[in-house]
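Structural description and commentary
So you can see what is in the structure, the chains are spelled out below.
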Amino acid sequence: MKNEFIKFNDYSLILDDEIRLKNINLMIKKNTILTIIGPSRAGKVNLLRSLNLTNQLFHKKVETRGEISIDKTNIIQNYDLSYLRRKNAYISAKPIMYNGTVWDNLTLGVKIHNVPEKYWANYIRYSLDALESWEYFKDKLDLSVKKLSKLDQLKISFARVIALNPNILLVEDFTRYIDISAFLEFSDVFIKLRRKFTILMVCYDNKHAAKLGTHTLLLIDGRVIECNETRRFFERPAKKETEEYLSGKFF
């Protein structure tokens, strides 16, 4: 893949003496939506967390081998963690809402990162515009988040991260927390986010991966089985293991 933005080079991850990712070689272009699928304990979330070094927050012992480069910089060596986690932003599957108003939740990140208050409104407007939601939320900023629908909470959780102007969005599978109509509404907005960001998303439903991704990756037992353009991945898989996984066989 030419002009790679993210590159895994013989990357392995060992957590508490258990190998979770094995010799990952992978290149991802800017403005890609990479949907990541695979069976339970395949290493999908660990792959996401490798890009902002947050596996270290969940395990006592973390060992890595090989390299992960973003824009040709190896993030495993001598990287400012605060900056890394701001630019490679993690979005949890279940929207995290804090007590208070929509405005309180939207400004939480810019407060933590010491953005001067006079700029907050611009940051929030930018984030909601990215989600095509400014007109909807502009008169709801003083509303308690407890009164929001699950879809609106999801949008706020995305907007709070987008306000910090990341380069990469690392997204857990949010589809489990919204119904099908909300998914269909949000999916169109989500797909358009690739104009501004590179996105990696764990998907537990192959249909969602097929709809949302520009490219799709299959992980099994910590190994990359196949990574390809999404349409080709599902219609003409290159590997027998991919065909078997998509047909419902497990390993």
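See the structure shown above.
Remember, predicted model here, so these are calculated numbers, not experimental data.

In spatial order, the strands read β6-β7-β8-β3-β9-β10; together these six strands make up an open sheet with mixed pairing. Each edge of the open sheet is held by one strand with a lone partner, namely β6 (88-91) and β10 (223-229). For this sheet, the mean inter-axis angle between neighbouring strands, taken without regard to orientation, is 20°. Here four bridges tie β6 to strand β7 (residues 168-171), and the two strands are oriented parallel to one another. Along β7, the bridge assignment pairs Y90 with L170. Sitting on the sheet, helix α7 (residues 150-162) is in contact with β6 and β7, with an inclination near 165° to β6.

Read across the open sheet, the four strands follow the order β2-β1-β4-β5; overall the sheet is antiparallel. Single-partner strands in this sheet number two, and they are β2 (18-29) and β5 (73-74). Here two bridges tie strand β4 (residues 62-70) to β5, and the two strands are oriented antiparallel to one another. Bridge pairing in β5 links S69 to N74.

Each pocket or cavity is described by its volume, and for the largest pocket that value is around 630 Å³. Considering the residues around the largest pocket, the lining is formed by 26 residues, among which R85, Y90, Y98, R160 and V161 are closest to the centre. Mapped onto the lining of the largest pocket, the elements with two or more residues apiece are α2 (81-87), β6, α4 (108-112) and α7. Per-element tally for the lining of the largest pocket: the top contributor is α2, with four residues. Here the residues of the lining of the largest pocket are counted per class, giving 13 nonpolar, seven polar and six charged.

Glancing now at helix α8 (residues 180-192). Here α8 spans 19 Å end to end across 13 residues, near enough to the 18 Å set by a 1.5 Å rise per residue. Taking the largest bend as the criterion, α8 deviates by roughly 30°, centred on F186. Here α8 has its buried residues at A182, F183, F186, S187, V189 and F190.

Let us look at the environment of K207. If you trace the backbone, K207 turns up in helix α9 (residues 206-212). Separated by 27 residues in sequence, K207 and F234 have C-alpha atoms that sit 9.7 Å apart.

Within the secondary structure, K44 is located in helix α1 (residues 44-50). Here K44 is buried and forms no salt bridge, its nearest opposite-charge partner D173 lying at an N-O distance of 9.0 Å. Only 2.8 Å separates the side chain of K44 from the backbone oxygen of P39, close enough to count as a polar contact. With sequence-adjacent residues up to four places away left out, K44 is seen in contact with I36, I37, G38, P39, V202, Y204 and L219.

So, on to unusual backbone geometry. The general pattern is negative phi for most residues beyond glycine and trans for most peptide bonds. Positioned with a positive phi, N165 is a non-glycine residue whose angle comes to about 55°. Looking at where N165 falls in the secondary structure, it is placed in the loop between α7 and β7. Phi is positive for D221, close to 55°, though the residue is something other than glycine.

On to the packing of α7 against α8. Contact geometry for α7 and α8: axes closest at 10 Å, N-to-C directions at 25°. For the element pair α7 / α8, the angle class is roughly parallel. Like other packed secondary-structure pairs, α7 and α8 cross with a definite hand, here right-handed. Counted together, L151, L154, K155 and F158 of α7 and A182, E185, F186 and F190 of α8 form the full contact between these two elements. For the contact of α7 with α8, a count of residues per class yields six nonpolar, no polar and two charged.

Glancing now at the nonpolar core. In terms of nonpolar packing, the biggest core is built from 48 residues, with F158, V171, F174, F190 and L193 touching the most fellow members. No other element matches the seven residues that α7 contributes to this core.

On to the pattern of salt bridges, then. Scanning the entire structure with this criterion turns up ten salt bridges. Linking K22 and D221 is a salt bridge whose minimum nitrogen-to-oxygen distance equals 3.0 Å. Here K22, found in strand β2, pairs with D221, found in the loop between β9 (215-220) and β10; they are 199 residues apart in sequence, far enough to count as distant. Overall, the relative accessible area of 28% leaves K22 in the partly exposed class. Its relative accessible area of 45% is what places D221 among the partly exposed residues. Between K61 and E63 there is a salt bridge whose closest N-O contact spans 3.8 Å. Salt bridges sharing common partners tie together D17, K61 and E63.

Parameters at a glance
Residues numbered from 1 in each chain as written. Predicted model: local features only at pLDDT ≥ 70, side-chain atom pairs only at ≥ 80, totals over all residues. Heavy atoms only, no water. Pairing = 2+ DSSP bridges. Helix = DSSP H or I, 4+ residues; strand = E, 2+ residues; numbered from the N terminus. Axes fitted to C-alpha atoms, helices over the stretch in contact; angles between N-to-C directions. Contact = heavy atoms within 4.5 Å. 1 Å grid on protein atoms, 1.4 Å probe; cavity = no way out; pocket = protein on both sides within 12 Å on 5 of 7 lines; lining within 4 Å. Points joined across faces, edges and corners; volume = space filled by probe spheres on them. Nonpolar A, V, L, I, M, F, W, Y, C, P; charged D, E, K, R; others polar. Expected span 1.5 Å × (residues − 1). Bend = angle between axes of the 7 residues up to and from the residue. Buried < 20%, exposed > 50% of the residue type's maximum accessible area, 1.4 Å probe, protein only. Lys, Arg positive; Asp, Glu negative; His and termini not counted. Salt bridge = Lys/Arg side-chain N within 4 Å of Asp/Glu carboxyl O. Polar contact = N/O pair within 3.5 Å; in protein donor to acceptor, adjacent residues only side chain to side chain. Parallel < 35°, antiparallel > 145°, perpendicular 65-115°, else oblique. Left-handed = near helix turned anticlockwise from the far one by under 90°. Core = buried A, V, L, I, M, F, W, Y, C linked by side-chain atoms within 4.5 Å.

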